[in-house]
Amino acid sequence: MKIVFATHNQHKLREVQSLLPLTIELLSLTDIGCTEEILETATTLEGNAKIKANYITNTYGYACFADDTGLEVAVLDGEPGVYSARYAGDHADAEANMSKLLLNLVGKSDRSAQFKTVVVLNLNGRQHVFEGVCKGEILSTRQGTQGFGYDPIFKPHGFDTSFAQMSMEEKGRISHRGKAIALLVEFLKDSAASVKP
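Residues numbered from 1 in each chain as written. Predicted model: local features only at pLDDT ≥ 70, side-chain atom pairs only at ≥ 80, totals over all residues. Heavy atoms only, no water.

Chemist: It is not clear to me how the overall build of the chain should be interpreted in this structure. Could you clarify?
Modeler: A count of helices and strands for the chain gives five helices and seven strands. Walking the chain from its N terminus toward its C terminus, one meets helices and strands in the order β-α-β-α-β-β-α-β-β-β-α-α. Compactness check: the chain gives a C-alpha radius of gyration of 17 Å against a globular reference of 16 Å for 197 residues, within 12% of the reference. C-alpha extents for the chain along the principal axes are approximately 55 × 30 × 25 Å. (Helix = DSSP H or I, 4+ residues; strand = E, 2+ residues; numbered from the N terminus. Rg over C-alpha atoms; globule rule 2.2 N^0.38 Å.)

Chemist: Even after reading the chapter, I still don't get the environment of isoleucine 32, so can you show me in this structure?
Modeler: If you trace the backbone, isoleucine 32 turns up in the loop between strand E2 (25-27) and helix H2 (45-60). Taking the C-alpha atoms as reference, isoleucine 32 lies 38 Å from arginine 142; in sequence the two are 110 residues apart. Excluding residues that lie within four positions of it along the chain, isoleucine 32 makes contacts with Val4, Leu27, Ile56, Tyr60 and Tyr62. (Contact = heavy atoms within 4.5 Å.)

Chemist: Even after reading the chapter, I still don't get the pairing of strand E5 (residues 112-123), so can you show me in this structure?
Modeler: The side chains of a regular strand alternate, residue by residue, between the two faces of the sheet. Among the 12 residues in E5, 11 count as buried, and that is most of the element. Pairing analysis gives 10 bridges linking strand E3 (residues 63-73) to E5, with the strands arranged antiparallel. Looking across to E5, one finds that cysteine 64 is bridged to asparagine 122. Both E5 and strand E6 (residues 126-138) contribute to a ladder of 12 bridges, which runs antiparallel. From the neighbouring strand, asparagine 122 faces E6, where its bridge partner is glutamine 127. (Buried < 20%, exposed > 50% of the residue type's maximum accessible area, 1.4 Å probe, protein only. Pairing = 2+ DSSP bridges.)

Chemist: In this structure, what is going on with the side chain of serine 84? I would like to understand it.
Modeler: Summarising the element assignment, serine 84 is placed in the loop between strand E4 (80-81) and helix H3 (94-104). If sequence neighbours within four positions are ignored, serine 84 has contacts with Gly70, Leu71, Asn97 and Tyr150.

Chemist: Before we go on, may I ask you to explain unusual backbone geometry in this structure?
Modeler: Across the chain, the bulk of peptide bonds are trans and the bulk of non-glycine residues have phi less than zero. Look at the link from glutamate 79 to proline 80: it is a cis peptide, with omega at -5 degrees. Mapped onto the elements, proline 80 comes out in strand E4. Positive phi values are uncommon outside glycine, yet aspartate 77 reaches one of about 55 degrees. With respect to the helices and strands, the residue aspartate 77 is situated in the loop between E3 and E4.

Chemist: Looking at this structure, I do not really get helix H5 (residues 176-191). What am I missing?
Modeler: Residues separated by three or four positions in an α-helix point in the same direction, a consequence of the helix having 3.6 residues per turn. Taking 1.5 Å of rise per residue, the 16 residues of H5 would be expected to cover 22 Å, and the 23 Å separating its terminal C-alpha atoms lies within 8% of that figure. Within H5 the residues assigned to the buried category are His176, Arg177, Ala180, Ile181, Leu184, Val185, Leu188 and Ser191. Considered in projection along H5, the buried side chains sweep an arc of 155 degrees and stay on one side of the axis. (Expected span 1.5 Å × (residues − 1). Arc of directions from axis to C-beta.)

Chemist: Mind showing me how you'd approach H3 here?
Modeler: Those residues of H3 not exposed but buried are Asn97, Met98, Leu101 and Leu102. Buried residues of H3 fall within an arc of 130 degrees about the axis and therefore sit on the same side. Taken together, the buried residues of H3 touch E3, E4 and E6.

Functional significance is not addressed by these values, which are geometric in nature.
So, in structure tokens, the structure goes:
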């Protein structure tokens, strides 16, 4: 069985493939020749993941899963949320996004936040949704150089370090994306025997 993971990131593809049974082969957007930009115009993480998964299934005919992730800060009413990647503007980078978030939290005592990942799977004419959450807090300064995005300023509950101070393996065991992908993997393993080729 072949399933498309709606990403061009070969590292993410290999990471997820390593968790799946050999009967399931993952393909990237590059593998199926999808070079067009899929616009994420929804106002929710689930909505954006559905847009990507549905586009691939409807356009290319493959079973497909897609994900979207956002950082939600309680005192900012859930910002940046679905706009996490472009919080400081459409062409902003991670540094600009972090700077805007830290500025918006100046003087705020409540720095609680959570990362959320939503994965949407289209398989055999049905759609399935998986969600992973990692709760923590926003640090006042950047710490660490690993990871990407908001990792240097997010410290998960129960840890003394930011995501950016953790190894990829350590972060993967506790992260929002890791949790959502784990649910997806278990579902695919359970379904593998009955899935159509």
